Amino acid sequence: MHVAVYVPLLLSLLAPLGARPLAERCEPRLATWLLTTASLVLGAASTVSLGLLAVTGLVRIPVLADLVHWSASTAQRDDPTGLPIALTAGLLLGCALLAACRMVWRRGRTLASAALDAACMPARDDLVVVDDEAPDAYALPGLPGRVVVSTGMLRTLDAGEHNILLAHERAHLGSHHYAFVAVAQLGAAANPLMRPLADAVTYTIERWADENAAAATGDRKRVARTVGKAALAARRAPALARTASAALGILGRRSPLATAGPVPRRVAALLSPPKGRHPALAVATGVVLTAAALATAEAAHDLHVLLAGIGAW
């Protein structure tokens, strides 16, 4: 436990470095799965590690040790960490659990509200057209979900671009992209170091939907033009209130597009050949997540042995 309990915390420090390579180099669907899984697993593993460290501090307190018939002196001798570290871990654990519960509550309310709004919308083939001059379009999760498009957006795009827009938004609904965003943000709520991974997911789901639209139309350049045209029109007008998440950029220094917003990067990706699966990055991500899971399990087992020894004293 002296080493294993700290492994998930160390990996949490290193994991954000892989957010941009995964988002930019991997096929968007695979990147979304990898980033979402990484955020959830590392967020959970680091939270468990904090809990294990906090428990080692509790067994050192004589009053608590006496309540469960443990030996506080034995705990102090065999404890893998010091009391200040254990207390700090306990404080961080409380913050992590509070943030995660708050996120689940707020996201649950948002999705429930979205589902209710979608159910109340009259739609033809899941499409809802709202009379609004502001160009906008978004996917509204629900049972069933709806694609909401303003009249201002319809006037901005031509008929062929309408089809691209609808293919993009329907990809969000059909692939349940809101669930990926929610899971990734849950990991980031438990461990703020996972925020770059969660932000990358909001970008890769847009890339995923772009690629679906490109596959449906067979014209990547036209999809790129439509993405840029729709984004430019929406930026010139006040945005409508949305329940769906907005795509966020990822900072970096590897290319001139690194500091650009997500739309220029999406357009550039569409004007380039489709991304491959990039097995090396996928394997590296799997190795990191496996190491975090095994280290957490090993630390939990070692703590169990420690507590059993203290209790048998």
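What counts and what doesn't
- Residues numbered from 1 in each chain as written.
- Predicted model: local features only at pLDDT ≥ 70, side-chain atom pairs only at ≥ 80, totals over all residues.
- Heavy atoms only, no water.
- Phe/Tyr/Trp six-rings, centres within 6.5 Å; stacked < 30°, edge-to-face > 60°.
- Lys NZ or Arg CZ within 6 Å of the ring centre and 35° of its normal.
- Pairing = 2+ DSSP bridges.
- Helix = DSSP H or I, 4+ residues; strand = E, 2+ residues; numbered from the N terminus.
- Axes fitted to C-alpha atoms, helices over the stretch in contact; angles between N-to-C directions.
- Buried < 20%, exposed > 50% of the residue type's maximum accessible area, 1.4 Å probe, protein only.
- Polar contact = N/O pair within 3.5 Å; in protein donor to acceptor, adjacent residues only side chain to side chain.
- Expected span 1.5 Å × (residues − 1).
- Contact = heavy atoms within 4.5 Å.
- Parallel < 35°, antiparallel > 145°, perpendicular 65-115°, else oblique.
- Left-handed = near helix turned anticlockwise from the far one by under 90°.
- Nonpolar A, V, L, I, M, F, W, Y, C, P; charged D, E, K, R; others polar.
- Core = buried A, V, L, I, M, F, W, Y, C linked by side-chain atoms within 4.5 Å.

Draft legend 1. Region of the structure containing the packing of aromatic side chains. One pass over the full model with this rule turns up 2 aromatic pairs. Following the ring pairs from residue to residue traces out a cluster consisting of W33, F180 and W208. In this structure, R265 packs its charged tip against the face of Y203, placed 4.0 Å from the ring centre.

Draft legend 2. Main features of the sheet that holds strand β3 (residues 146-150). Across the sheet, 3 strands lie side by side as β1-β3-β2; this open sheet has mixed pairing. A strand with exactly one partner marks an edge of an open sheet, and here the two such strands are β1 (127-130) and β2 (137-140). Across the sheet, the mean angle from the axis of one strand to that of its neighbour is 25 degrees, orientation sign disregarded.

Draft legend 3. Up close: the side chain of T202. Residue position: T202 is located in helix α10 (residues 195-217). By relative accessible area, T202 is classed as buried at 3%. A polar atom in the side chain of T202 sits 2.5 Å from the backbone oxygen of D199.

Draft legend 4. Fine view of unusual backbone geometry. Residue P144 follows L143 across a cis peptide bond; omega there is 0 degrees. For P144, the position within the fold is in the loop between β2 and β3. In the Ramachandran plot, H176 falls in the positive-phi region, its phi being about 55 degrees despite a non-glycine side chain. Tracing the backbone through its elements, the reader meets H176 in the loop between α8 (159-174) and α9 (177-190). Classification of H176 as partly exposed rests on a relative accessible area of 43%.

Draft legend 5. Spotlight on helix α11 (residues 220-235). For α11, spanning 16 residues, the distance from its first C-alpha to its last is 22 Å, which sits close to the expected 22 Å at 1.5 Å a residue. Listed in full, the buried residues belonging to α11 are R220, V223, A224, T226, V227, A230 and A233. Buried positions along α11 lie against α7 (151-156), α8, α10 and α12 (262-270). Between the side-chain oxygen at the start of α11 and the backbone nitrogen of K221 there is a gap of 3.3 Å, and the oxygen is on D219.

Draft legend 6. Main features of the packing of α8 against α10. Between α8 and α10, the shortest axis-to-axis distance is 8 Å and the interhelical angle comes to 130 degrees. Taken together, the axes of α8 and α10 are oblique relative to one another. As for how α8 packs across α10, the hand of that crossing is right-handed. On α10, the residues touching I164, A167, H168, A171 and H172 of α8 are I205, E206, A209, D210, N212, A213, A216 and T217. Looking at the contact of α8 with α10 residue by residue, the class counts come to 7 nonpolar, 4 polar and 2 charged.

Draft legend 7. Structural view of the nonpolar core. In terms of nonpolar packing, the biggest core is built from 28 residues, with L22, L35, L42, M194, L197 and V201 touching the most fellow members. Put simply, the parts of the chain that give this core at least two residues each are α2 (19-25), α3 (28-58), α9, α10 and α13 (279-311). Filtering out sequence-adjacent residues up to four positions away, L35 remains in contact with A19, L22, A23, L197, A200, V201 and T204.

Draft legend 8. Structural context of the side chain of T151. Its location among the elements puts T151 in helix α7. For T151, a relative accessible area of 16% corresponds to the buried category. Within the local environment of T151, its side chain forms a polar contact with the backbone oxygen of D132, the two atoms lying 3.0 Å apart.

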